[in-house]
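Chain by chain, the residues run as shown.
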Protein chains: 2
Amino acid sequence: MEAKKQSILIKNVLLDSERTDILIEGNRFTSLSADPATPADKVIDGTDKAILPPFYNTHTHAAMTLLRGYADDMPLDTWLREYIWPKEESLTPEDIYQGSVLAIREMIKSGCVFFNDMYFEVDQTIRAVADMGVRACIGVTFMDAHSLALRSEKESFISNWQDPTGGRISIASAPHSIYTCSEETLRYAASVARKAGIRIHIHLAETAPEVADCYRERGMSPVKYLDSIGLLGPDVIAAHCVHLDDEDIALLAARGVTVSHCPCSNMKLGSGIFRHGAMADAGVNVTIGTDGCSSNNNLDMREEMKFASLLAKCQGNPECLPAPQALRWATEAGARAFGIDAGVIAEGKLADAILVDLRSERMHPLYHLVSNWVYSAESADIDTVICDGRILMEGRQLLV
Amino acid sequence: MEAKKQSILIKNVLLDSERTDILIEGNRFTSLSADPATPADKVIDGTDKAILPPFYNTHTHAAMTLLRGYADDMPLDTWLREYIWPKEESLTPEDIYQGSVLAIREMIKSGCVFFNDMYFEVDQTIRAVADMGVRACIGVTFMDAHSLALRSEKESFISNWQDPTGGRISIASAPHSIYTCSEETLRYAASVARKAGIRIHIHLAETAPEVADCYRERGMSPVKYLDSIGLLGPDVIAAHCVHLDDEDIALLAARGVTVSHCPCSNMKLGSGIFRHGAMADAGVNVTIGTDGCSSNNNLDMREEMKFASLLAKCQGNPECLPAPQALRWATEAGARAFGIDAGVIAEGKLADAILVDLRSERMHPLYHLVSNWVYSAESADIDTVICDGRILMEGRQLLV
């Protein structure tokens, strides 16, 4: 059951560099300069707070919170084959629900209202999203390892899909990667997506071996390979995209593909270093994802912004990826990729927002709100989280 | 005024992988397997908590919290000459006190009980440390820019120094760097230190231009230059040490120099990438520092551990700098460098500790306490901070 949507008046809150009164009616911002005497179902005193857009996490495997700390500090192949995959075999549907709830609790507490997921037992993650009041795009995974029966079950799930929340949940077709899906599987997953009008979510060019193997087997890069089979388009979210040449990047830009940059995962697994500058220059829609908790090991998009910016700068240029751009990647660009009419605090937009406590030492002094938020704050400085006009957390207490 | 030292019994707390009862008497751990019925002035229920060593931040400029967010995302030279230095000119002694208190509040809340400082108006920072109950080594800065009168005032301060707290505060002689100190100033600062029996704190090999200039002017690396004038020794804490060749690293190891690795600052300013592997292999005592808040922009040593580890791994090897090693650098190695008999939870050691709340989503599940702490937690998961047998924070509330 959804809680009744309220009108919410946030009084005297810092928006950019000005204090104002903000009115939410239903699930939309209806005024950013409201009369402070406007009657409302709920009034929030914003005096010590700044309002900011919340996070849109564009690549994760939510239920993998269950594997947090299970296997760290080891080579990728050992990690996957000897630890992660065998452990995943033992997870029950109820585990997936509980793992998803744990993940969503952590996400809300760190200011994230949306995640783009790829895992299995999707019913369970959908149930958790519905229960917890956030938004999500749930990827239905396709891999060669699946039986034909499982594949047709998935196709039937997709064609019969209806969002039980009336707008917060979408689904995607998620061919896992070029190294776990044959060309036939990739084409199948893409055709299922296009028939149903849903997005495609795929891991792409995450490691150097993936690219080398593709050249050996196909004579071209993973990006060009996917383009050659018609998979790339503005409905595609490609996670990682670490090992790309200039032509790959131009192609991603030309096809309107959204890229999910996962700096912590790429760093922790030693996958390689994202080409942030070339991506931005080419006009690729870059967004930020945390990846799953076994390769990060958290879902903290605030921390992820700092990692993204500092990873970019550490190549030698401190002017790279300034704080406002990192924030846009983590908010506005993510929402845009999923057609969510939010990600900025603006009249008419969906009422997704966080209120950050300016009394925190880490927000002092307040020369530059966004610098403090990206480089200094911690997620515990978030007091309130609002998604779709509903308060999910207030005074650090979860209300869901 | 110091609060009276208590006996503290921490009951049923997780230490490594076992639950135990821990007794603190005065300022030392006296039992790690205490009788839970032991009478104590203060009893803490450790049921939902793990005990860990707190952080020892080996390079910072505490009062620079005042400049947090004042100038970001710009070249190092512009940042220093057009923003930081002019702004610092305007700081009053009271500003330095307030900035130091703000810094120490943030440090305690993020589990840090010691910092190695280098700034000016040291009286004010010492007053803040004395008031706030933490430990510190306060560097008395020497630079060519100082007048002879100021220099002799500093020398006299050092020779007359007495710790007002009876053990929590030490001082160091801090020749700022080879690019702000002539050979004469460096020799002078070193001789002052050795006469007084205090440590030496210096910035070293932070940027490529610093090294190139040294080769041009001296025909040798900064490390070899300092060694040639007798400055290096086990009493030296050298911050940054980014641009070193193998001979430099061997020399630092041979001389017993402690290195303060500041990953966030090096990344954010684009200074270069620390050679963690070569440092560790050579047996250098590597510790971790946050640097000042204008180049980080916080003092969060937990976050700094994650940055150190992921920066090491992102060069291509996920086995580098595993979580337990990052934790040792940030705790035990830092305490050892300053002769503080702490940094591990052990009988007879000084009672410095933090209690981490295991109910936090970010500490779930608990496959590996240290992995969760380094890679997943946030500093807000710290419930209690104890320094020198005194509780500085409990239930996230500062008691100082």
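Residues numbered from 1 in each chain as written. Chains lettered and ligands numbered in written order. Predicted model: local features only at pLDDT ≥ 70, side-chain atom pairs only at ≥ 80, totals over all residues.

Peer 1: Quick question: what am I supposed to make of the overall build of chain A here?
Peer 2: Helix and strand content of chain A: 14 helices and 17 strands. Expected size for 400 residues packed as a compact globule is a radius of gyration near 21 Å; at 21 Å, chain A falls within 12% of this value. In terms of principal-axis extent, the alpha carbons of chain A reach across some 65 × 50 × 40 Å. Counting over 400 residues, chain A shows a buried share of 58%. The long-range share in chain A, meaning contacts at least 24 apart out of those at least 6 apart in sequence, stands at 71%. (Helix = DSSP H or I, 4+ residues; strand = E, 2+ residues; numbered from the N terminus. Rg over C-alpha atoms; globule rule 2.2 N^0.38 Å. Buried ≥ 20, exposed ≤ 12 C-beta atoms within 10 Å, placed from the backbone. Contact = placed C-beta atoms within 7 Å.)

Peer 1: Explain the interface of chain A and chain B here, please?
Peer 2: In many reports, interface size means the accessible area that the parts give up when they come together. Counting residues at the interface gives 46 residues for chain A and 46 residues for chain B. Looking at the side of chain A that touches chain B, the elements with two or more residues in it are helix 2 (93-109), helix 9 (263-268), helix 11 (301-313) and helix 14 (369-376) of chain A. Here the side of chain A that touches chain B is built from residues that sort into 19 nonpolar, 14 polar and 13 charged. (Nonpolar A, V, L, I, M, F, W, Y, C, P; charged D, E, K, R; others polar.)

Peer 1: Help me understand the confidence of the model for chain A, please; the structure alone is not making it clear to me.
Peer 2: Interpreting fine coordinate detail is not advised for predicted regions of low pLDDT. Of all residues in chain A, 99% have pLDDT values of 70 or greater, and the mean over the chain is 96. For this predicted complex, the interface confidence reaches an ipTM of 0.97, while the overall pTM sits at 0.97. (pLDDT = per-residue confidence, 0-100.)

Peer 1: Honestly, unusual backbone geometry in this entry has me stumped. Any pointers?
Peer 2: A negative phi holds for most residues other than glycine; trans holds for most peptide bonds. Backbone torsion omega between Asn296 of chain A and Asn297 of chain A reads 10°, so that peptide bond is classified as cis. Residue position: Asn297 of chain A is located in the loop between strand 13 (285-288) and helix 11. Here Glu121 of chain B, not a glycine, exhibits a phi torsion of approximately 50°, which is positive. Tracing the backbone through its elements, the reader meets Glu121 of chain B in the loop between strand 7 (112-119) and helix 3 (122-132).

Peer 1: Hey, could you run me through the relation of the copies chain A and chain B in this one?
Peer 2: One copy of the chain maps onto the second through a rotation around an axis plus a translation along that axis. Expressed as a screw transformation, the operator carrying chain A onto chain B has a rotation angle of 180° and an axial translation of 0.0 Å, and the superposed copies differ by an RMSD of 0.0 Å. Taken together, the rotation angle and the small translation identify this as a two-fold axis. Minimal C-alpha separation from the rotation axis in chain A is found for Ala380 of chain A, amounting to 3.1 Å. Most of the interface of chain A is mirrored in chain B: 100% of its interface residues are interface residues there too. (Least-squares fit on C-alpha atoms with pLDDT ≥ 70 in both.)

Peer 1: What exactly am I supposed to notice about the nonpolar core here?
Peer 2: With 266 residues, the main nonpolar core has Ile51, Ile104 and Val134 of chain A together with Ile51, Ile104 and Val134 of chain B as its most contacted residues. Among residues more than four places away in sequence, those in contact with Ile104 of chain A are Ala62, Ala128, Val129, Met132 and Val134 of chain A. (Core = buried A, V, L, I, M, F, W, Y, C linked by C-beta atoms within 7 Å.)

Peer 1: What exactly am I supposed to notice about helix 6 (residues 208-218) of chain B here?
Peer 2: An α-helical turn contains 3.6 residues, so any two residues separated by three or four positions project in the same direction. Residues and elements named next belong to chain B. Turning to helix 6, its buried residues are Glu210, Val211 and Cys214. Taken around the axis of helix 6, the buried residues stretch over an arc of 95°, which confines them to a single face. More than 90 degrees from the buried face of helix 6, the exposed residues found are Ala212 and Arg216. At its buried positions, helix 6 is contacted by helix 7 (222-228). With its phi angle positive at about 75°, Gly219 sits one or two positions after the end of helix 6. (Arc of directions from axis to C-beta.)

Peer 1: So what exactly am I meant to see when it comes to the sheet that holds strand 6 (residues 55-60) of chain B here?
Peer 2: Hydrogen bonding along the main chain pairs the strands of a sheet, whether they run parallel or antiparallel. All names here are of chain B. With parallel pairing, the eight strands of this open sheet are ordered in space as 6-7-8-9-10-11-12-13. Because the sheet does not close on itself, it has two edges, and the strands there are strand 6 and strand 13 (285-288). For this sheet, the mean angle separating the axes of adjacent strands, direction not counted, is 25°. Pairing between strand 7 and strand 8 (residues 135-142): six bridges, direction parallel. Along strand 8, the bridge assignment pairs Asn116 with Cys137. (Pairing = 2+ DSSP bridges. Axes fitted to C-alpha atoms, helices over the stretch in contact; angles between N-to-C directions.)

Peer 1: So what exactly am I meant to see when it comes to the domain arrangement of chain A here?
Peer 2: Residue and element names in this part refer to chain A. The domains assigned to chain A are domain 1 (8-52 + 344-398) and domain 2 (55-337). The centre of domain 1, based on its C-alpha atoms, is set 29 Å off from the matching centre of domain 2. Opposite the 19 residues of domain 1 that make contact, domain 2 presents 20 residues. Among the secondary structure elements, those contributing two or more residues to the side of domain 1 that touches domain 2 are helix 14, strand 15 (382-387) and strand 16 (390-394). The element contributing the most residues to the side of domain 1 that touches domain 2 is helix 14, with five residues. (Domains from an automatic or database assignment.)

Peer 1: Where do I start with the pairing of strand 3 (residues 28-31) of chain A in this structure?
Peer 2: Consecutive side chains of a regular strand alternate in pointing toward one face of the sheet and then the other. Residue and element names in this part refer to chain A. Relative to strand 3, strand 2 (residues 18-25) runs antiparallel, the two sharing three bridges. Residue pairing across strands places Leu23 opposite Ser31, the latter belonging to strand 3. The turn linking strand 2 back onto strand 3 is made up of two residues, and Gly26 within it adopts a positive phi angle of 60°.

Peer 1: Help me understand the environment of Thr30 of chain B, please; the structure alone is not making it clear to me.
Peer 2: Residue and element names in this part refer to chain B. Within the secondary structure, Thr30 is located in strand 3 (residues 28-31). The class of Thr30 is partly exposed, set by 15 C-beta atoms lying within 10 Å. Note: C-alpha distance between Thr30 and Leu80 (50 residues apart in sequence) is 48 Å.

Peer 1: So what exactly am I meant to see when it comes to the sheet that holds strand 12 (residues 258-261) of chain A here?
Peer 2: All names here are of chain A. With parallel pairing, the eight strands of this open sheet are ordered in space as 6-7-8-9-10-11-12-13. Strand pairing shows two members of the sheet lacking a second neighbour, strand 6 (55-60) and strand 13, which therefore form its edges. On average, each strand axis in the sheet is tilted by 25° relative to the strand beside it, whichever way the strands run. Inspection of the sheet shows strand 6 paired to strand 7 (residues 112-119) by four bridges, in the parallel sense. The partner of Thr60 across the bridge, within strand 7, is Asp117.

Peer 1: Explain helix 5 (residues 183-196) of chain B to me, please; I cannot follow it from the model alone.
Peer 2: The terminal C-alpha atoms of helix 5 of chain B lie 20 Å apart, and with 14 residues this matches the ideal 20 Å at 1.5 Å per residue to within 8%. Of the residues one or two after helix 5 of chain B, Gly197 of chain B is the one with positive phi, at around 70°. (Expected span 1.5 Å × (residues − 1).)

Peer 1: Mind showing me how you'd approach the pairing of strand 12 of chain A here?
Peer 2: Residue and element names in this part refer to chain A. Here strand 12 shows two buried faces, one formed by Thr258 and Ser260 and the other by Val259 and His261. With three bridges connecting them, strand 11 (residues 236-240) and strand 12 associate as parallel partners. Residue pairing in the sheet places Ile237 in a bridge with Thr258 of strand 12. Read from strand 11 through helix 8 (residues 246-255) to strand 12, the crossover connection turns out right-handed. (Right-handed = clockwise from strand over helix to strand, strands pointing away.)

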